[in-house]
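# Residue-level structural notes
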Amino acid sequence: MTQISHVWHENKGVRWDGHRWWHRYTKHGDWYSTDHGRRYRFDGHRFYRWDDGTWKRLSSAYARHHGFDRRDFPRNGHGHDGHHGHGR
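What comes next concerns the included structure. (Residues numbered from 1 in each chain as written. Predicted model: local features only at pLDDT ≥ 70, side-chain atom pairs only at ≥ 80, totals over all residues. Heavy atoms only, no water.)

### Structural notes on the overall build of the chain
Where we set the bar: Helix and strand definitions here come from DSSP, where helices need a minimum of 4 consecutive H or I residues and strands a minimum of 2 consecutive E residues; each element is numbered from the N-terminal end. The classification of residues rests on relative accessible area computed with a 1.4 Å probe and restricted to protein chains. Under 20% of the type maximum is buried, over 50% is exposed, and intermediate values are partly exposed. Contacts are assigned to residue pairs with any non-hydrogen atoms lying within 4.5 Å of each other. Using the Shrake-Rupley algorithm and a 1.4 Å probe, accessible areas are obtained, with residue cover drawn only from the displayed protein chains.
Secondary structure summary: the chain contains 1 helix and 7 strands in total. Start at the N end of the chain and walk to the C end: the helices and strands fall as β-β-β-β-β-β-β-α. Counting all 88 residues of the chain, 32% fall into the buried class. Considering only contacts in the chain between residues 6 or more positions apart, those separated by 24 or more positions represent 25%. A total of about 6300 Å² of accessible surface is found on the chain, and carbon and sulfur atoms cover 48% of it.

The following block contains the structure:
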């Protein structure tokens, strides 16, 4: 079986970043994901975690440690921005 590592798969608002699946549910372009029961959001600039009924911004240290990388997301919302497949 071939394993795919950190290659984006995009199909109608669903993407895989090598760690978790992301879904686009809103018209303004935010991406949402779950990982080990935690809910996450990316607004195009920052990552957030749903905690105690509100979205809380993740620190850059937390984001790096948990494999979140904003370079993985297209900046214009349409396709890749040239960072697809970069190493970690």
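What follows continues from the structure just given.
### Focus on the side chain of arginine 20
For clarity, the threshold we go by: Polar contacts here mean pairs of N or O atoms no more than 3.5 Å apart (in protein, one a potential hydrogen donor and the other a potential acceptor; neighbouring residues in sequence count only if both atoms are side-chain atoms).
Note on placement: arginine 20 falls in the loop between β2 (14-16) and β3 (21-24). Given the relative accessible area of 3%, arginine 20 is considered buried. Only 3.4 Å separates the side chain of arginine 20 from the side chain of aspartate 35, close enough to count as a polar contact. Excluding anything up to four places from it in sequence, arginine 20 contacts Arg15, Ser33, Thr34, Asp35, His66, Gly67 and Phe68.

### Section: the pairing of strand β6 (residues 47-51)
Let me state the cut-off plainly: DSSP calls a pair of strands paired once it identifies at least 2 bridges connecting them.
Direction of pairing for strand β5 (residues 38-42) relative to β6: antiparallel, over a ladder of 3 bridges. Across the sheet, arginine 41 pairs through a bridge with tyrosine 48, a residue of β6. From the end of β5 to the start of β6, which pair antiparallel, there are 4 residues, and glycine 44 there has a positive phi angle of about 100°. Direction of pairing for β6 relative to strand β7 (residues 54-57): antiparallel, over a ladder of 4 bridges. What sits directly across from tryptophan 50, in β7, is tryptophan 55.

### Description of the pattern of salt bridges
Going by this rule: The term salt bridge refers to a side-chain nitrogen of Lys or Arg lying within 4 Å of a carboxyl oxygen of Asp or Glu.
In this structure the tally under the stated criterion is 6 salt bridges. The residue arginine 20 makes a salt bridge to aspartate 35 at a minimum N-O spacing of 3.4 Å. Remark: aspartate 35 occurs in strand β4 (residues 31-35) and arginine 20 occurs in the loop between β2 and β3; sequence separation between them is 15 residues. Grouping residues by exposure puts arginine 20 and aspartate 35 together as buried. Between aspartate 69 and arginine 71 there is a salt bridge, with the nearest N and O atoms lying 2.9 Å from each other. Residue class for aspartate 69 comes out buried when judged on its relative accessible area of 11%. Exposure remark for arginine 71: the relative accessible area of 38% places this residue in the partly exposed category. Among the charged side chains, a network of salt bridges with common partners joins Asp17, Arg20 and Asp35.

Note that all results are geometric; they support no functional claim without further evidence.
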